[in-house]
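# Observations on chain architecture
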Amino acid sequence: MPRMKRLAVAALLMVLALAGASLAAGEWLSRPAHRSIGAPPPELIGAEALQLRSADGLTVSGWFVPGRPGQGAVLLQHGVRSNRLQMLARARWLQREGLASLLIDLPSHGESAGDRITFGHREARATEAALAWLRTRLPGERLGAIGVSLGGAALLFAQRQPELDALVLESVYPSIELATRNRLAMRLGEPAAQLLAPLLLVQLPLRLALSPAQLRPIDALATVRAPLLIAAGTRDEHTRWNETESLYAAASASADRTLWPVPGAAHVDLHAFDADAYEDFVGGWLRRQLRKAPA
């Protein structure tokens, strides 16, 4: 076989291999992460299992954990490919503090229905159903939310009407373009990330009927009027610290915004990374926003 022909065949095989790898990666990233969860653990005193129905017809499973009147309530939303168990330690802590909480499995996660992960876009409908349920269950209580990664993006894409009394966003990606590039760069290096990211992003309309422009939490921050706390690890390579600073800058519409860098933390569960620091900082902030003054 002539040399030029061999090179052409090799190049074609490489292109086919890259295309196949990107298709496999796109399938894995968006496929459901279902798991059986079961009943609430006994340490969540008085907790009850529930199922909600989102506006797009999906069944959303969760646990409600009661608190003390006047202390507020918090919606807890996990990260991608996880489930409500990720938020269990936070729920235990909040109940000790007197705050009620609702832990849900986002669509296509845990015991909730769904056939594709959509990186916060359709998960937002479950967020809206959960917030509406909490307002009905606890009328008059101040309502906050903590969203980790995917859970934070869903909170930003949701219609939060009326607006929350407190919103905590942890390790949230600014745009799907940056999220994709960063993850590829971690594994393959920056040059490969620049080359391969478009091969993943082009699949969004085909798999999810979404464009990259619809997956930009940084743009949704302009709608936030709630008191806002943005937290991230200073060593997070999934969402780099300068990107978190950009998120904070984009939230200028919020009259009360706080940026909390967690020294040494990567893209990890920030509560599990340093529970004492988390409960001191985030807990103090939530108490100021959600607890009602004594009559």
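Scroll up to find the structure this text is about.
Here's a quick rundown of the structure. (Residues numbered from 1 in each chain as written. Predicted model: local features only at pLDDT ≥ 70, side-chain atom pairs only at ≥ 80, totals over all residues. Heavy atoms only, no water.)

Moving on, we get to the overall build of the protein. For the protein, the helix and strand inventory stands at 11 helices and 10 strands. For the protein, long-range pairs separated by at least 24 residues make up 73% of all intrachain contacts whose partners lie at least 6 apart in sequence. Roughly 13100 Å² of accessible area belongs to the protein as shown, and the carbon and sulfur atoms make up 59% of that amount. (Helix = DSSP H or I, 4+ residues; strand = E, 2+ residues; numbered from the N terminus. Contact = heavy atoms within 4.5 Å. Areas by Shrake-Rupley, 256 points an atom, 1.4 Å probe, with all protein chains shown as cover.)

Let's shift gears to the side chain of serine 112. The topology assignment puts serine 112 in the loop between strand S6 (109–110) and helix H3 (123–137). Judged by relative accessible area, which is 1%, serine 112 ranks as buried. Residues within four places of serine 112 in sequence aside, it is in contact with His34, Thr59, Val60, Ser61, Asp105, Leu106 and Pro107. (Buried < 20%, exposed > 50% of the residue type's maximum accessible area, 1.4 Å probe, protein only.)

What follows covers the packing of helix H2 (residues 88–96) against helix H11 (residues 275–290). Two elements in contact, H2 and H11, have axes separated by 12 Å at closest approach and are oriented at 55°. In terms of their interaxial angle, H2 and H11 are classed as oblique. Seen from above, H2 lies across H11 with right-handed handedness. Contact with H2, carried on its side by Arg90, Trp93, Leu94 and Arg96, involves Tyr278, Glu279, Val282, Gly283 and Leu286 of H11 and no other residues of that element. (Axes fitted to C-alpha atoms, helices over the stretch in contact; angles between N-to-C directions. Parallel < 35°, antiparallel > 145°, perpendicular 65-115°, else oblique. Left-handed = near helix turned anticlockwise from the far one by under 90°.)

Quick look at unusual backbone geometry now. A cis amide bond links glutamine 161 to the next residue, proline 162, at an omega of 0°. Relative to the assigned elements, proline 162 resides in the loop between helix H4 (150–157) and strand S8 (166–170). In this structure, phenylalanine 119 takes a positive phi of about 60° despite not being glycine. Within the secondary structure, phenylalanine 119 sits in the loop between S6 and H3.

Attention now moves to H4. Among the 8 residues that make up H4, 8 are buried, leaving the element largely enclosed by the rest of the structure. Along H4, the residues that are buried comprise Leu150, Gly151, Gly152, Ala153, Ala154, Leu155, Leu156 and Phe157. Its buried side turned inward, H4 meets strand S4 (73–77), S6, H3, strand S7 (143–148), S8 and helix H8 (217–220).

So, on to the side chain of threonine 239. By the element assignment, threonine 239 lies in the loop between strand S9 (228–233) and helix H9 (241–250). Contact partners of threonine 239, with chain neighbours within four places excluded, come to Ser171, Val172, Tyr173, Pro174, Asn182, Thr244 and His267.

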